[in-house]
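What follows is the residue order along each chain.
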Amino acid sequence: MKLNIKNLLFQPLALHLATDGEGLHLSARECREILAEHVSDEIQLAAARGLVSLVNKPGDSEDHAVSAEVGVDTPESAVEVGEQQARQKKGKLK
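Since the model is a prediction, treat every value here as computed from it, not as a measurement.

(A) Highlighting the overall build of the protein chain. On a plain count of helices and strands, the protein chain comes out with three helices and five strands. Sequence-ordered secondary structure for the protein chain, helices as α and strands as β, is β-β-β-β-α-β-α-α. Looking at the protein chain as a whole, 19% of its 94 residues qualify as buried. Taking all contacts inside the protein chain whose residues are at least 6 apart in sequence as the whole, residues at least 24 apart take part in 57%. Total accessible area computed for the protein chain in this model is approximately 6800 Å², and 52% of it derives from carbon and sulfur atoms.

(B) Region of interest: the environment of Ala28. Within the secondary structure layout, Ala28 lies in the loop between β3 (23-26) and β4 (31-35). Assessed through its relative accessible area of 36%, Ala28 is described here as partly exposed. Sequence separation between Ala28 and Gln11 is 17 residues; the distance between their C-alpha atoms is 4.5 Å. Apart from the residues within four sequence positions on either side, Ala28 is in contact with Asn7, Leu9, Phe10, Gln11 and Pro12.

(C) Just the nonpolar core, in detail. Grouped together as the largest cluster of nonpolar side chains are twelve residues: Leu3, Ile5, Leu13, Leu15, Leu17, Leu24, Leu26, Ile34, Val39, Ile43, Ala46 and Val52. Elements supplying a minimum of two residues to this core: β1 (2-7), β2 (13-16), β3 and α1 (41-49). Those residues in contact with Ile43, other than ones at most four positions away along the chain, are Ile5, Leu15, His16, Leu17, His38, Val52 and Leu54.

(D) Summary view of the pattern of salt bridges. By the definition in use, this model includes two salt bridges. The salt bridge partner of Arg32 is Glu30, with a shortest N-O separation of 3.0 Å. Judged by relative accessible area, Glu30 falls into the partly exposed class, the value being 21%.

Criteria and cut-off values
Residues numbered from 1 in each chain as written. Predicted model: local features only at pLDDT ≥ 70, side-chain atom pairs only at ≥ 80, totals over all residues. Heavy atoms only, no water. Helix = DSSP H or I, 4+ residues; strand = E, 2+ residues; numbered from the N terminus. Buried < 20%, exposed > 50% of the residue type's maximum accessible area, 1.4 Å probe, protein only. Contact = heavy atoms within 4.5 Å. Areas by Shrake-Rupley, 256 points an atom, 1.4 Å probe, with all protein chains shown as cover. Core = buried A, V, L, I, M, F, W, Y, C linked by side-chain atoms within 4.5 Å. Salt bridge = Lys/Arg side-chain N within 4 Å of Asp/Glu carboxyl O.

Right, here's the structure in full:
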């Protein structure tokens, strides 16, 4: 299955791929297509932090239905970091 990965930052971003130890270089706001098996923990963590967007490639309707049931697992530490940041933002009142 193929995924679209988009750099949501206004600066270049370099990430490691899960296979072959290769790197993925995205310029500012660039979108590329990668295979699902190339998604590393680093890419999942970047998606959880809002640095990149991972979206199923349009037109893969069969794969989309399967992935909706299974879902993409994020590392537990990424979930904890996201929850901690959300709690910090909620606690500040003006």
